[in-house]
Amino acid sequence: MPTPLTGAGTPPAPPAAATVSTRRRWAMLVVGTAAQASSATMVHGPAFLIPVLHLRGGMSLAEAGLVAAAPMAGLMCTLVAWGLVVDRRGERFALLTGMSGVVLAGLAAVLVDGPGQVAAALFVAGACSSATNAASGRIVVGWFPPERRGLAMGIRQCAQPLGVGLGALTMAYLADAYDVATALWVPLVAATIALALVAAIVIDPPRPPASERAGAANPYRADRYLARIHGTSMLLVVPQFVVWTFGLTWLVDELGWAAGLAGVVIAGTQLIGALGRIGAGHLSDLVRSRTRPMQWIAWAAAGTMLALGAAASGSGPAVVALAVLLLVVASAVTVADNGLAYAAVAERAGAFWSGRALGIQNTAQYLVAAAVPPVAGVAITQWGYGAAFALAAGFGLVAAAVVPVAQERAPS
């Protein structure tokens, strides 16, 4: 039976449990989660401003979309660079520097006038926010013992749906009731609070002496384990973003639901997805493996998407009800692997490579996520929602074959 993982050639860090209290470890996890959640609100929240930018700001949908996409573009450009900062300077420095940049750029977005200037400020905010992604792995791996890391990373990966949910609940309303600048205060205030909490609570986890950095083996040269984890995550992004991007549209356009009701259902799936990440992480602790649950999730994602495709192509009240239920299940299943992949990458990469490895992991996922909506949109236009959902199942099957179960080692 394969045993879970450690960084090849990397000396083990001192036991984290002996250096900080249990309360402090969990407090740092909560603060790290809050920091990334506030960054997620800054990066994804501007998408909820599109209706106001378009209808009242006189912008075309394409122009409004560019403003909303600016922070995402900034984030994708700097993930690996922030990973290098984490590897060289540590998690606390990266979080403090990155969150300070988010606050300053967010303030600029509130104060400047004109869509071009707002987009530029949001681009910088997104570029700084990726520090929270890169710093996540070592805080969990460095401060939590192996038998708690899966659960801890599952909680950590709830940050994105929580941040998106905060933006959905507040920014669209504030933009409509007041203006775009007022709505942008939401991520700005959230980032400011997170920055203060990071400064007060987060400390760097133990790691080998800096003098050993030059001798730390490149984990990508040892074997293809990390590359296959990246590949598995990239493949599973496809069904995830097919459901995330077109689930609401399917409910409204195909089933005739009111947009408000459809929005409530989709918001509920975000919460269920967050709980799914926690459950998957806890399962990985129980079975002492990150990759075997990833493989199970890939199979489940394939089966659920295939069933959803068949139900979405059918008709009749019972079939429609089943399709909606499968949409909810698919929304939870297709995101459940994220925390497992992060834990697997951070554990194998080691103290001096985890930042860059997580930067590569994030960049790869975001690149695939950016390609999914237009490609899936073409598939839906040509063959319908049911066919597009079913085609996404194939990526889950390939992911189940790619996940490197046999190469996993015991975590340290």
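Structure: see above.
Parameters at a glance
Residues numbered from 1 in each chain as written. Predicted model: local features only at pLDDT ≥ 70, side-chain atom pairs only at ≥ 80, totals over all residues. Heavy atoms only, no water. Helix = DSSP H or I, 4+ residues; strand = E, 2+ residues; numbered from the N terminus. Rg over C-alpha atoms; globule rule 2.2 N^0.38 Å. Buried < 20%, exposed > 50% of the residue type's maximum accessible area, 1.4 Å probe, protein only. Areas by Shrake-Rupley, 256 points an atom, 1.4 Å probe, with all protein chains shown as cover. Lys, Arg positive; Asp, Glu negative; His and termini not counted. Charge placed at Lys NZ, Arg CZ, Asp CG, Glu CD. Core = buried A, V, L, I, M, F, W, Y, C linked by side-chain atoms within 4.5 Å. Contact = heavy atoms within 4.5 Å. Expected span 1.5 Å × (residues − 1). Bend = angle between axes of the 7 residues up to and from the residue. Axes fitted to C-alpha atoms, helices over the stretch in contact; angles between N-to-C directions. Parallel < 35°, antiparallel > 145°, perpendicular 65-115°, else oblique. Left-handed = near helix turned anticlockwise from the far one by under 90°. Nonpolar A, V, L, I, M, F, W, Y, C, P; charged D, E, K, R; others polar. Phe/Tyr/Trp six-rings, centres within 6.5 Å; stacked < 30°, edge-to-face > 60°. Salt bridge = Lys/Arg side-chain N within 4 Å of Asp/Glu carboxyl O.

(A) Molecular detail of the overall build of the protein chain. When helices and strands are counted, the protein chain shows 17 helices and zero strands. Here the C-alpha radius of gyration of the protein chain, 21 Å, is about what a compact globule of 412 residues would show, namely 22 Å. Projected onto its principal axes, the C-alpha coordinates of the protein chain cover approximately 60 × 50 × 35 Å. Counting the 412 residues in the protein chain, one finds 55% classified as buried. Per element, the accessible surface of the protein chain, about 16,000 Å² overall, is 70% carbon and sulfur. Across the protein chain, 23 positive and 16 negative side-chain charges occur, with their mean positions spaced 13 Å apart.

(B) Region of the structure containing the nonpolar core. One finds Leu49, Leu53, Val67, Leu122, Leu184, Val202 and Ile229 to be the most contacted residues of the largest nonpolar core, which totals 79 residues. In this structure leucine 122 touches Met42, Pro46, Val67, Ala70, Pro71, Ala109 and Leu184, once residues within four positions along its chain are discounted. Counting residues in hydrophobic clusters, the runner-up holds 31 residues, among them Val265, Ala312, Ala330 and Ala388.

(C) Representation of helix H11 (residues 225-254) within the structure. Helix length check: H11, at 30 residues, gives a terminal C-alpha distance of 42 Å against a target of 44 Å (1.5 Å per residue), a fit within 8%. In H11, a bend of some 45° at phenylalanine 246 exceeds every other bend along the element. Just beyond H11, the residue with positive phi is glycine 256, at close to 75°.

(D) Broad picture of the environment of proline 293. By secondary structure assignment, the location of proline 293 is in helix H13 (residues 291-312). The exposure class assigned to proline 293 is buried, which follows from its relative accessible area of 2%. C-alpha separation for the pair proline 293 and glycine 281, spaced 12 residues apart in sequence, amounts to 8.7 Å. In contact with proline 293, not counting residues within four places along its chain, are Leu283, Ser284, Val287 and Leu340.

(E) Highlighting the side chain of threonine 304. Secondary-structure assignment places threonine 304 in helix H13. Beyond its immediate chain neighbours, meaning those up to four positions away, threonine 304 contacts Leu326, Val329, Ala330 and Val333.

(F) Local environment of the packing of H11 against helix H16 (residues 354-383). Relative orientation of the contacting elements H11 and H16 amounts to 40°, with a least axis distance of 8 Å. Regarding the angle of H11 to H16, the classification is oblique. Between H11 and H16 lies a crossing of right-handed hand. Contacts between H11 and H16 involve Ile229, His230, Ser233, Met234, Val237, Val238, Phe241, Val242, Thr245 and Phe246 from the first element and Ala357, Ile360, Gln361, Ala364, Gln365, Val368, Ala369, Val372, Pro373, Ala376, Gly377 and Ile380 from the second. Residues that form the contact of H11 with H16 fall into these classes: 16 nonpolar, six polar and no charged.

(G) Representation of the packing of aromatic side chains. Tallied over the full model, the rule gives three aromatic pairs. Arranged with centres 5.0 Å apart and planes meeting at 80°, the rings of tryptophan 26 and phenylalanine 144 form a pair that is edge-to-face. Of the two residues, tryptophan 26 is situated in helix H1 (residues 22-44) and phenylalanine 144 in the loop between helix H6 (136-143) and helix H7 (146-156); the sequence distance between them amounts to 118 residues. Ring centres of tyrosine 385 and phenylalanine 389 lie 6.3 Å apart, and the angle between their planes is 40°; on these two criteria the pair is classed as tilted. With tyrosine 385 and phenylalanine 389 both in helix H17 (residues 385-402) and four residues apart, the pair spans about one turn of that helix. Residue tyrosine 385 shares its accessibility class with phenylalanine 389, and that shared class is buried.

(H) A look at unusual backbone geometry. The backbone phi angle of arginine 288 is positive, close to 60°, even though this residue is not glycine. One can find arginine 288 in the loop between helix H12 (259-287) and H13.

(I) Up close: the pattern of salt bridges. According to the stated counting rule, one finds seven salt bridges in the structure shown. Close ionic contact of aspartate 87 with arginine 356 constitutes a salt bridge, the shortest N to O distance being 2.7 Å. Taken as a pair, aspartate 87 in helix H3 (residues 61-89) and arginine 356 in helix H16 lie far apart in primary sequence, 269 residues in all. Between glutamate 347 and arginine 290 there is a salt bridge whose closest N-O contact spans 2.9 Å. In this pair, glutamate 347 sits in helix H15 (residues 338-349) while arginine 290 sits in the loop between H12 and H13, placing the two residues 57 residues apart along the sequence.

(J) Representation of the packing of H1 against helix H9 (residues 180-201). Running from N to C, H1 and H9 cross one another at 155°; their axes reach a closest spacing of 8 Å. With respect to H9, the axis of H1 lies roughly antiparallel. Here H1 runs over H9; the crossing is left-handed. For the pair H1 and H9, contact is made by Arg24, Ala27, Met28, Val31, Ala34, Ala35, Ser38, Thr41 and Met42 and by Val186, Pro187, Leu188, Ala190, Ala191, Ala194, Leu197, Val198, Ala200 and Ile201, respectively.

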